[in-house]
Amino acid sequence: MSTPGPPEDHGLRLVPLRGLRYVPEEVGSLAAVTSPPYDVVVRPDGLLHLESADPHNIVRLILPQADTASARHEQAADTLRTWLDEGVLAPDAEPALYVYEQARGDLLQRGVIGSLALSHREQGVVLPHEDVMPHVVEDRAALMRATAANLEPLLLTYRSDGPTGTTDAIDAALSRPPLLSTTTEDGFHHRLWSLTDPAEIATVTTDLSHRQALIADGHHRWATYLRLQEEHGTVSSPWDFGLVLLVDTARYPLQVRAIHRLLHRLPVSGALAAVGDSFRVRHLDKTLPEALDALAAAAASGNAFLLAGDGSYHLLDRPDPGLLSRTVRRDRPDAWRTLDATVLHETLLAHVWHIPDAPEDIAYIHDTEAAVEQAERHDATAVLMHPVREEVVRDLARQGVTMPRKSTSFGPKPATGLVLRSLDVN
């Protein structure tokens, strides 16, 4: 593949695919076979719930269960082959781009699913904003190698400055009957349409060809795409593309939530003792929603964290400026140096608590109540975070600066299981 030039000449290159989809007649319901993205299914009871929802739930592919990593990946590959042979999953008859809609109450998100040509950060086409964990990339790469499939789309965002060809194509699709319509147990209603007309596809691809995207969710999968592309060499192949959902956040703003930390080996009492007077510490005799409100108020004027795990909540804010000066690296912009995630990792984890960023020490949990519950169950510490504004994330990404891993959670995330991409299907 040629090396793209500036984004205005070589922006996003989205191409149609023959989406691999569940055959409705072969499963209990479409809702019962879907799942959140693999990294959101964090609790064993959540995994078991999905596995028991339907014997063909997609979680059996994205999070297979076996004694070893190699056995897990081979099991996923065997399961995928079986479902294809049995007609549980089948490729669509012709290549398409897919219009995808999620709605719940006043929240509405629409975007386009397709195969996106891969590019590196320095090309300025797709901008990551978070660091990744090598062991996660290795696991996802092994799973993709075994299955030869992109099992769930990344969530990428871009911003238009008015009506576009893509919005016209989306609006036109809405006038037609959808390929599928289902409501998942989280209350989200999902609809999917296909764009197969060459003129409609050209309208979308031309519009996107000069645009730049931000990775909102799926940094590890994007890093995995790039790793596998490199393994397959310079000959053009399906590994040069990856499955994505592209959303115009000027028209459909995303929600930005925090991702919390669970410190497995540190009880709250030990965390507070180590903090000492390096932060202001306040005990909160409040409910979780009230404590989160207090966190938001404190975060409005500086770094703030909420500790949980001992049956109550403790608000940390107003860090010692001298401590920050000594512990936070200086070769980054001020916007990065003052991030809560930066202060957590550079100051609290590395210098106050002396906790390595390793899976045996830290878990990353999206659900606030789940983080608190697990901390209380295991005498651990949950560090609850306040979300970062989208404009801060985008500005840092454009400067080529990555945030600490798992700094943000954009949503709503696409449901896993509605469209898959097989690298063996043309």
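Residues numbered from 1 in each chain as written. Predicted model: local features only at pLDDT ≥ 70, side-chain atom pairs only at ≥ 80, totals over all residues. Heavy atoms only, no water.

**Things to note about empty space enclosed by the protein**
Okay, so step 1: One pass over the structure, following the stated rule, counts seven cavities of 30 Å³ or more.
Okay, so step 2: Considering only enclosed or pocket space, the largest cavity measures out at about 120 Å³ in volume.
Okay, so step 3: Taken together, 14 residues line the largest cavity, and the ones lying closest to its centre are Asp39, Asp217, Gly218, His219 and Lys406.
Okay, so step 4: If one sorts the elements of the lining of the largest cavity by residue count, helix H8 (residues 219-231) sits on top with three residues.
Okay, so step 5: Here the second largest cavity is characterised by a volume of approximately 80 Å³.
Okay, so step 6: Around the second largest cavity sit Arg140, Leu143, Met144, Ala149, Asn150, Leu151, Glu152, Arg221 and Tyr225, which together line it. (1 Å grid on protein atoms, 1.4 Å probe; cavity = no way out; pocket = protein on both sides within 12 Å on 5 of 7 lines; lining within 4 Å. Points joined across faces, edges and corners; volume = space filled by probe spheres on them. Helix = DSSP H or I, 4+ residues; strand = E, 2+ residues; numbered from the N terminus.)

**Things to note about the pairing of strand E16 (residues 304-308)**
Okay, so step 1: Within E16, five of the five residues are buried, leaving the element largely enclosed by the surrounding structure.
Okay, so step 2: In E16, alternate side chains face the same way, and those of Ala304, Leu306 and Ala308 on one face and Phe305 and Leu307 on the other are all buried.
Okay, so step 3: Two elements, E16 and strand E17 (residues 313-317), share five bridges in a ladder whose sense is antiparallel. For Leu307, the partnering residue across the bridge sits in E17 and is His314.
Okay, so step 4: Between E16 and E17, which pair antiparallel one after the other, the connecting turn spans four residues, and Gly309 there sits at a positive phi close to 145 degrees. (Buried < 20%, exposed > 50% of the residue type's maximum accessible area, 1.4 Å probe, protein only. Pairing = 2+ DSSP bridges.)

**Some details on helix H4 (residues 69-86)**
Okay, so step 1: Over its 18 residues, H4 extends 26 Å from the first C-alpha to the last, a length consistent with the 26 Å expected when each residue adds 1.5 Å.
Okay, so step 2: All of the buried residues in H4 are His73, Ala76, Ala77, Thr79, Leu80 and Trp83. One face of H4 carries all of its buried residues, which in axial projection span an arc of 160 degrees. Relative to its buried face, H4 has exposed residues pointing more than 90 degrees away, namely Ser70 and Asp85.
Okay, so step 3: Contact partners of the buried residues in H4: strand E2 (20-22), helix H3 (59-62), strand E3 (89-91), helix H5 (134-147) and strand E7 (149-150).
Okay, so step 4: At the exit of H4 stands Gly87, carrying a positive phi of roughly 80 degrees. (Expected span 1.5 Å × (residues − 1). Arc of directions from axis to C-beta. Contact = heavy atoms within 4.5 Å.)

**Structural notes on the environment of Arg159**
Okay, so step 1: Considering the arrangement of structural elements, one finds Arg159 in the loop between strand E8 (154-158) and helix H6 (165-174).
Okay, so step 2: Leaving out residues up to four positions away in the same chain, Arg159 has contacts with Arg211, Asp248, Thr249, Ala250, Glu390 and Arg394.
Okay, so step 3: A distance of 3.3 Å separates a polar atom in the side chain of Arg159 from a polar atom in the side chain of Thr249. (Polar contact = N/O pair within 3.5 Å; in protein donor to acceptor, adjacent residues only side chain to side chain.)

**Things to note about a negative patch on the surface**
Okay, so step 1: A grouping of Glu25, Glu26, Asp85 and Glu86 is seen on the molecular surface, where their side chains present a negatively charged patch.
Okay, so step 2: As for its position among the elements, Glu86 is in helix H4. (Patch = residues over 30% accessible without salt bridge, like charges linked within 9 Å, V, L, I, M, F, W, Y side chains within 5 Å. Areas by Shrake-Rupley, 256 points an atom, 1.4 Å probe, with all protein chains shown as cover. Salt bridge = Lys/Arg side-chain N within 4 Å of Asp/Glu carboxyl O. Lys, Arg positive; Asp, Glu negative; His and termini not counted. Charge placed at Lys NZ, Arg CZ, Asp CG, Glu CD.)

**As for the packing of H4 against H5**
Okay, so step 1: Packing of H4 against H5 leaves a shortest axis separation of 8 Å and a crossing angle of 35 degrees. Note on packing geometry: the crossing formed by H4 with H5 is right-handed. On H5, the residues touching Arg72, His73, Ala76, Ala77 and Leu80 of H4 are Asp139, Ala142, Leu143, Ala146 and Thr147.
Okay, so step 2: Class assignment for the residues of the contact of H4 with H5 results in six nonpolar, two polar and two charged. (Axes fitted to C-alpha atoms, helices over the stretch in contact; angles between N-to-C directions. Left-handed = near helix turned anticlockwise from the far one by under 90°. Nonpolar A, V, L, I, M, F, W, Y, C, P; charged D, E, K, R; others polar.)

**A word on the packing of aromatic side chains**
Okay, so step 1: Applying the stated criterion across every chain, the model contains three aromatic pairs.
Okay, so step 2: Seen from their ring centres, Trp222 and Tyr225 are 6.2 Å apart, and the 65 degrees between their planes marks the pair as edge-to-face. In this pair, Trp222 and Tyr225 are both assigned in helix H8, three residues apart and thus about one turn of the helix distant.
Okay, so step 3: Accessibility expressed as a relative area gives 4% for Trp222, which makes it buried.
Okay, so step 4: Given a relative accessible area of 3%, Tyr225 falls into the buried group. (Phe/Tyr/Trp six-rings, centres within 6.5 Å; stacked < 30°, edge-to-face > 60°.)

**Side note on the side chain of Gln102**
Okay, so step 1: The topology assignment puts Gln102 in strand E4 (residues 97-104).
Okay, so step 2: In terms of polar contacts, Gln102 uses its side chain to reach the side chain of Tyr100, at 3.5 Å.
Okay, so step 3: Excluding anything up to four places from it in sequence, Gln102 contacts Leu107, Leu108, Gln109, Phe188, His189, His190, Pro412, Lys413, Pro414 and Ala415.

**What about unusual backbone geometry?**
Okay, so step 1: Cis peptide bonds are those with omega within 30 degrees of zero, and the linkage from Gly411 to Pro412 qualifies with 5 degrees.
Okay, so step 2: Within the secondary structure, Pro412 is located in the loop between strand E20 (409-411) and strand E21 (421-422).
Okay, so step 3: Unlike most non-glycine residues, Arg318 shows phi in positive territory, near 50 degrees.
Okay, so step 4: With respect to the helices and strands, Arg318 occurs in the loop between E17 and helix H11 (321-327).
Okay, so step 5: A positive phi angle is found at Asp379, which is not glycine, with a value near 55 degrees.

**Considering the packing of H5 against H8**
Okay, so step 1: Packing of H5 against H8 leaves a shortest axis separation of 9 Å and a crossing angle of 60 degrees. As far as their axial angle goes, H8 and H5 are oblique. As H5 runs across H8, the sense of the crossing is right-handed. Between H5 and H8, the residues in contact are Val136, Val137, Glu138, Arg140, Ala141, Met144 and Arg145 and His220, Arg221, Ala223, Thr224, Tyr225, Arg227, Leu228 and Glu231, respectively.
Okay, so step 2: Class assignment for the residues of the contact of H5 with H8 results in seven nonpolar, two polar and six charged. (Parallel < 35°, antiparallel > 145°, perpendicular 65-115°, else oblique.)

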